[in-house]
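Remarks on the overall topology
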Amino acid sequence: VTPIFLVNSHLIMYDIPGIALWLAGLACFINGVDRDKLSFLLLGALFFTMSIFVFYQGMAVIPLTFLYLVLQRKVSKKTLIALAIPVVLFLAFMAAHQAAYGKLPSFSYFEPIGLPMSPYLILMRIRGVQGVLGGAAILPVLGIWLFPKSRASIYAAGGVFAASLF
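This write-up is about the structure you can find in this document. This is a predicted model, so every value here is computed, not measured.

A few words on the overall build of the chain. Counting secondary structure elements, the chain contains eight helices and zero strands. The order of α-helices and β-strands along the chain, N terminus first, is α-α-α-α-α-α-α-α. Counting the 166 residues in the chain, one finds 24% classified as buried. Excluding contacts between residues fewer than 6 apart, the proportion of contacts in the chain whose partners are at least 24 apart in sequence is 55%. Of the roughly 11,400 Å² of accessible surface on the chain, a fraction of 74% belongs to carbon and sulfur atoms.

This is the structure:
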């Protein structure tokens, strides 16, 4: 995203800087794991922390990065400490918010109309996600026809499509 896009945006799009920090943290962290450099691990942790404070969805990088460490068999004391830094700082923020305001911070300002999993709300979420994703959501469905029709590929395409709805 160019700075022109951010300046000319009609609203504050916090997800763009959040994703940029998320990706920068991931790049630094993976580089630190591969080269066994603490400085890159800590820089990745700093970017992860900033991403989490820009948008709470940034917390998703922690389990994903831990999964990367497990799959690469590179879990060590250094990597676990680096992954713990954003979590500890976020928990400290939540504790400070609880102490100051008597409640935890709101993770969503969405007031549900009815039950959270009511058919109406599920359809509204699907419509909203499809409006945002547009044609990109059709890719998993096309994968069923483009790739071999094994059961595994059909289940994988269906799982990706279902995950894209929420």
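This paragraph deals with the nonpolar core. Grouped together as the largest cluster of nonpolar side chains are ten residues: Trp22, Phe29, Val33, Leu41, Phe48, Val61, Ile62, Leu69, Ala82 and Leu83. Mapped onto this core, the elements with two or more residues apiece are helix H2 (15-35), helix H3 (38-54), helix H4 (61-71) and helix H5 (77-101). What Val61 contacts, discounting residues up to four positions off in sequence, is Trp22, Leu26 and Phe48.

What follows is about H2. A rise of 1.5 Å per residue sets the reference length of H2, with its 21 residues, at 30 Å; its end C-alpha atoms lie 30 Å apart and thus fit the reference within 8%. Among the residues trailing H2, Asp36 stands out with phi positive, at a value near 55°.

In this section: the pattern of salt bridges. In the structure shown here, the tally under the stated rule is two salt bridges. Across the pair Asp34 and Lys74 runs a salt bridge, and its minimum N-O distance is 3.9 Å. With Asp34 in helix H2 and Lys74 in the loop between H4 and H5, this residue pair connects regions lying 40 residues apart in the sequence. According to the relative accessible area criterion, Asp34 is partly exposed, its value standing at 44%. Linking Lys78 and Asp36 is a salt bridge whose minimum nitrogen-to-oxygen distance equals 2.9 Å. Residue Lys78 is located in helix H5, and its partner Asp36 is located in the loop between H2 and H3; the two are separated by 42 residues in the primary sequence.

A few words now on the packing of H3 against H5. Running from N to C, H3 and H5 cross one another at 25°; their axes reach a closest spacing of 9 Å. Overall, the two elements H3 and H5 adopt an arrangement that is roughly parallel. In this structure, H3 meets H5 at a crossing whose hand is right-handed. Two secondary-structure elements touch here, H3 through Leu38, Leu41, Leu42, Ala45, Phe48, Thr49, Ile52 and Phe53 and H5 through Lys78, Thr79, Ala82, Leu83, Ile85, Pro86, Leu89, Phe90 and Phe93. Among the residues making up the contact of H3 with H5, the classes are represented as 14 nonpolar, two polar and one charged.

Definitions and cut-offs
Residues numbered from 1 in each chain as written. Predicted model: local features only at pLDDT ≥ 70, side-chain atom pairs only at ≥ 80, totals over all residues. Heavy atoms only, no water. Helix = DSSP H or I, 4+ residues; strand = E, 2+ residues; numbered from the N terminus. Buried < 20%, exposed > 50% of the residue type's maximum accessible area, 1.4 Å probe, protein only. Contact = heavy atoms within 4.5 Å. Areas by Shrake-Rupley, 256 points an atom, 1.4 Å probe, with all protein chains shown as cover. Core = buried A, V, L, I, M, F, W, Y, C linked by side-chain atoms within 4.5 Å. Expected span 1.5 Å × (residues − 1). Salt bridge = Lys/Arg side-chain N within 4 Å of Asp/Glu carboxyl O. Axes fitted to C-alpha atoms, helices over the stretch in contact; angles between N-to-C directions. Parallel < 35°, antiparallel > 145°, perpendicular 65-115°, else oblique. Left-handed = near helix turned anticlockwise from the far one by under 90°. Nonpolar A, V, L, I, M, F, W, Y, C, P; charged D, E, K, R; others polar.

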